[in-house]
Structure formats: structure tokens, C-alpha cells
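Examining the three-dimensional arrangement
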Amino acid sequence: MLFSGLIFIAVLTTLLGQARAGGGVSVHYAYDRPHCTVTSNGNGTNDVPILGQAFHICGKHGTITFPKDQNFWIGEKFNPIVEDVQIQWHGKWTFSDNITYWRNNTYHIAFQNHWAGFVLTGKDITIDGGGTGGVDGNGDTWYTAEAGHTQAGRPMPFVLWNVSNVVVRDFSIWQPQLWAFNIINGTNILVENLFVNATATKAPEGSNWVQNTDGFDTMDVRNVTLKNLDYTGGDDCIAIKPRSYDVMVKNITCHSGNGPAIGSLGQYLEDSSVENVTVTDLKVESKSGFYIKCWTGALVYQNSYESEYQPRGGGWGSVRNITIENLDVTGASRAFTITEDEGDDGNHRGSSKLAVSDITLRNVTGTLSSQSNTISISCSNAYPCDDIVLEDINNVDSAGDAAALTCTYVADGGVTGLGGC
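Residues numbered from 1 in each chain as written. Predicted model: local features only at pLDDT ≥ 70, side-chain atom pairs only at ≥ 80, totals over all residues. Heavy atoms only, no water.

Another point: the overall build of the chain. Counting its regular elements, the chain contains four helices and 28 strands. Here the chain has a C-alpha radius of gyration of 23 Å; the compact-globule value for 421 residues is 22 Å, and the two agree. Considering only C-alpha atoms, the chain reaches an extent of 75 × 45 × 40 Å along its principal axes. Here the chain holds 421 residues, and the buried ones make up 53% of them. (Helix = DSSP H or I, 4+ residues; strand = E, 2+ residues; numbered from the N terminus. Rg over C-alpha atoms; globule rule 2.2 N^0.38 Å. Buried < 20%, exposed > 50% of the residue type's maximum accessible area, 1.4 Å probe, protein only.)

Shown next as C-alpha cells:
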């Protein structure tokens, strides 16, 4: 009787949706699992109530299909909680362009004072984008409105929050309002074939109106794998943030932005460790081939909404067992840096409480876009960098000059390769 009741509700929802605007949820059962196929209302009508019905009926021990020819209008925040669900996400979700609504109606994320519009929570989740599906954040509306001056309230379009045992394949994020694909508090996650593009169509040539459009971010995670990322945007193509452990990234292309990063770390008075990270096979045309960024060790006032206009810094922890290998920096501005003075006002240099060690950079090739080819290792006087290995660094700058090394606050003999420090 329970299944019959659910079928009746689903069919009734479908009929009512079609009578009003053409959308709804149809349900059938196979092997005692509900299968929901969802169609959109169309005409810019909010589809979240229909999506909510689909997740309610089929979000636990079921399958949900968003067909390829469907575009769902996301007019309000949404946080389904699921378990043992397969999502055939072949259609597109498009966030509404109502900036006023989104600035005042989202899920707050304390880290760097950000917000989210869609959050998926649960376990045993498989998402198949089929190469056509994903989320359009309608970000160009935000880029144009803010014209290069990012303001508070931009929502992240796709967040996996409190999740375990997740697979996402062949998925796209177009025009993200803020960080594109985010994992916060997750374990055992595989993301494969991810495409992210943030392009400001009205930005003047040479201007960056797509700040804070990171491609793939992690925080409070363990056992995460990312394979095959293609990123175009104005910030970090990947950002491995605090308390990320056992992370593997393979085959990423960063066409623009700041580059792939670990950090920033230590912004708050908490453990900000990152350990056991392997990043291989990178093609990077952005500012940095790869960089590690940590905050100053003192509390310093920050004139930024991302710090809530409060003193920040002073976090602690370890950054260790990191390998970056097979890095092509053709078109990038610089190959590799470590900095530990983020947020400093000039009075606390070298005070970071992050201990950086056991870092290997191996097999760097390509020609930089700049005439500077310096690898800078700038660490902490309190916790000098140690066991930094630079091996097979064969890239050149635009003048054809080989890489040189500079070191600050590094343990004696703590850097090997390029003459060492």
C-alpha cells in the first residue's frame, strides 16, 4: 500500500504540474526501487518544488533522471538529503538571475564567509552527467553587476556537504557564481571528467571579472580522487583547503586563473593541516603552475568580507607528504611557489604556524609567458620548511632562461635541487 500511495502521489504531481506549466515527476518501480523522471515547468518557473518531490520519492534507495532535453530553473535554495541514490543528471539546472533573492536566501558557510545555493547531503550517491548535464550558475549576471569587485552573497552552485561514498562522472559547471564544485566534510569520493567554465562576456579586455570562481575545492575531506578536470575561470582551478587528507588529482588542464593550489591555510585559529596529496599530469596556463599558500601566524585585521572585517591568521598544523609531478607550465607566469605570509600587514613576516615539509615537485616542463623563472620558497621562521625536493625542473622562461631558486626561512639543507638551500 505504501508503494501504491507513492505512485498515486507521483502521478498526481505530474498531472497537476502539466496542467499548470508542463512539468512534473513520473515514477515507476523496478526491483522494488523507485525511478523518478523529472520534467521542468519551463518559462522561467521555479522548478525546485518539482525537484523536491523527486528527491522525496526517489532520493533514498532509488533513481532520479533529469533528461537531456530539460532545463530546470532553480529559483530558491535547496538541500536534499539522500541515501543509496543514482542520479542520471543529463539535463541542466540553471540558477535564476534574481541577485536580490540569492544575496538574502542561501546557506551560510563560515569558512571565508561564503554561501551556497544548492547543497547535496547523504551517502552512497552516484551522479552521472552523461557529458551533457550539470549546473549553470547564471554567473555572468553576477560578474556584470559587480564588474570585478566581488561582493558578499554570491552562492556556490554545487556543494557536497556531509557526504560519503560518492561518485560523480561527466559533469559540468557553467558560469558558477562563486566556487564551482565543492566538497565539505566528505569521505570516499571520486570525481571523474569535470568541466568548469566561468567567462565574463562583458568584461573589458585584460580585466578579471570572475574572481572567486574556483573550479574544484575540498575541505574537511578524506580519500578524495579527481580525474580529468578542464577549467576556465579567474581563480584557483583546484584549491585543497584545510583538513584535506589522502587526496589524489590526475590530469587537469587550467586555461586561466591563479592556478592549482593548496590553501589558503591558517586563516582561522584552528588546525589547518593538509596531508598525503598527489597531483599529477597538469597543463597550466594560469598565473602559477602550482602554489602553496599559508597565513601569517598572528591575528591581523583584514579589510575584507571574506574575513568578516575581523583579525585573521594564527592557524596551525602541518602541510606534508605532497607530490606534484608532470607539470607543463607552458603559458603560465611562474612555475611554483610556497608562501606563508598571507594576510600579513608587514609586521609579522615569518610567523606562520604551518609546518611545511616533505614536498616533492618533479618533472616540470614548458615555456613560461613571463621573463622571470624564479621558484620562490618563502616559509616560517618558527617552522622552517624542510625536505623540499625539486627534481627535473626543466621549464624555461620566455627568454629561454632556466629556473632559479630563492629561499626564505628554510631549514639548513631543507631544499634540494636547483642548487638547494
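Counted under the stated rule, the structure contains four disulfides. Across the disulfide from cysteine 36 sits cysteine 58; the S-S distance is 2.0 Å. Between cysteine 36 and cysteine 58 the disulfide shows an S-S torsion of about 75°. By sign, it is right-handed. Placement of the pair is cysteine 36 in strand E2 (residues 33-39) and cysteine 58 in helix H2 (residues 48-58), with a sequence separation of 22 residues. For cysteine 36, a relative accessible area of 1% corresponds to the buried category. Accessibility expressed as a relative area gives 0% for cysteine 58, which makes it buried. Linked covalently through their sulfurs, cysteine 407 and cysteine 421 form a disulfide whose S-S length is 1.8 Å. (Disulfide = S-S within 2.5 Å.)

What follows deals with the side chain of asparagine 373. One can find asparagine 373 in the loop between strand E24 (353-365) and strand E25 (374-378). Residues in contact with asparagine 373, not counting those within four places in the same chain, are Leu368, Asn395, Val396, Asp397, Asp401, Ala402, Ala403 and Ala404. (Contact = heavy atoms within 4.5 Å.)

So, about the sheet that holds strand E7 (residues 107-109). Strand order across the open sheet formed by three strands is E7-E8-E11, with mixed pairing between neighbours. Each edge of the open sheet is held by one strand with a lone partner, namely E7 and strand E11 (155-156). (Pairing = 2+ DSSP bridges.)

In this section: the pattern of salt bridges. For the structure on display, the rule yields 17 salt bridges. A salt bridge links arginine 169 to glutamate 192, with the shortest nitrogen-to-oxygen separation between them at 2.8 Å. A residue pair is termed long-range when its members are at least 10 positions apart, and arginine 169 in strand E12 (residues 158-174) and glutamate 192 in strand E13 (residues 181-197) qualify at 23 residues. Arginine 169 sits in the partly exposed class, given a relative accessible area of 35%. When the shortest N-O distance is used, the salt bridge between arginine 222 and aspartate 246 registers 3.3 Å. Of this pair, arginine 222 sits in strand E14 (residues 216-232) while aspartate 246 sits in strand E16 (residues 244-254), and the two are 24 residues apart along the sequence. By relative accessible area, which is 42% here, arginine 222 ends up partly exposed. Residues participating in the shared-partner salt-bridge network are Arg103, Glu146 and Arg154. (Salt bridge = Lys/Arg side-chain N within 4 Å of Asp/Glu carboxyl O.)

Another point: the pairing of strand E3 (residues 60-66). Bridge count for E2 against E3 is three bridges, and the pairing is parallel. Note on E3: the bridge partner recorded for histidine 35 is threonine 63. Summarising the sheet, E3 and strand E5 (residues 81-89) pair through six bridges and their orientation is parallel. Note on E5: the bridge partner recorded for threonine 65 is glutamine 88.

With that settled, consider the packing of aromatic side chains. On inspection of all chains with the given rule, the structure shows 20 aromatic pairs. Relative to phenylalanine 66, the ring of phenylalanine 55 lies with its centre 6.4 Å away and its plane at 50°, an arrangement referred to as tilted. Here phenylalanine 55 is found in helix H2, whereas its partner phenylalanine 66 is found in strand E3, with 11 residues between them in sequence. For phenylalanine 55, a relative accessible area of 6% gives the class buried. With a centroid separation of 6.4 Å and an interplanar angle of 55°, the aromatic rings of phenylalanine 111 and tryptophan 179 are classed as tilted. Residue phenylalanine 111 is found in the loop between E7 and strand E8 (114-116), and its partner tryptophan 179 is found in the loop between E12 and E13; the two are separated by 68 residues along the sequence. Given the relative accessible area of 6%, phenylalanine 111 is considered buried. Taken together, the aromatic side chains of Phe55, Phe66, Phe72, Phe78, Trp89, Trp93, Phe118, Phe158, Phe171, Phe181 and Phe216 make up a single cluster linked through ring pairs. Over the ring of tryptophan 174 we find lysine 92, and its NZ or CZ is 4.6 Å from the ring centre. (Phe/Tyr/Trp six-rings, centres within 6.5 Å; stacked < 30°, edge-to-face > 60°. Lys NZ or Arg CZ within 6 Å of the ring centre and 35° of its normal.)

Those residues of helix H4 (residues 139-146) that sit buried are Gly139, Asp140, Trp142, Tyr143 and Glu146. All buried residues of H4 project into a common sector of 160° when viewed along the axis, lining one side. Residues of H4 that are buried make contact with helix H3 (99-104) and E11. Phi turns positive one or two residues past the end of H4, at alanine 147, with a value near 50°. (Arc of directions from axis to C-beta.)

It is worth spelling out the environment of lysine 241 at this point. Its location among the elements puts lysine 241 in the loop between strand E15 (236-240) and E16. Accessibility expressed as a relative area gives 4% for lysine 241, which makes it buried. Discounting residues that sit within four places of it in the chain, lysine 241 has contacts with Phe111, Trp179, Asp214, Asp217, Thr218, Met219, Gly263, Ser264, Leu265 and Val274.

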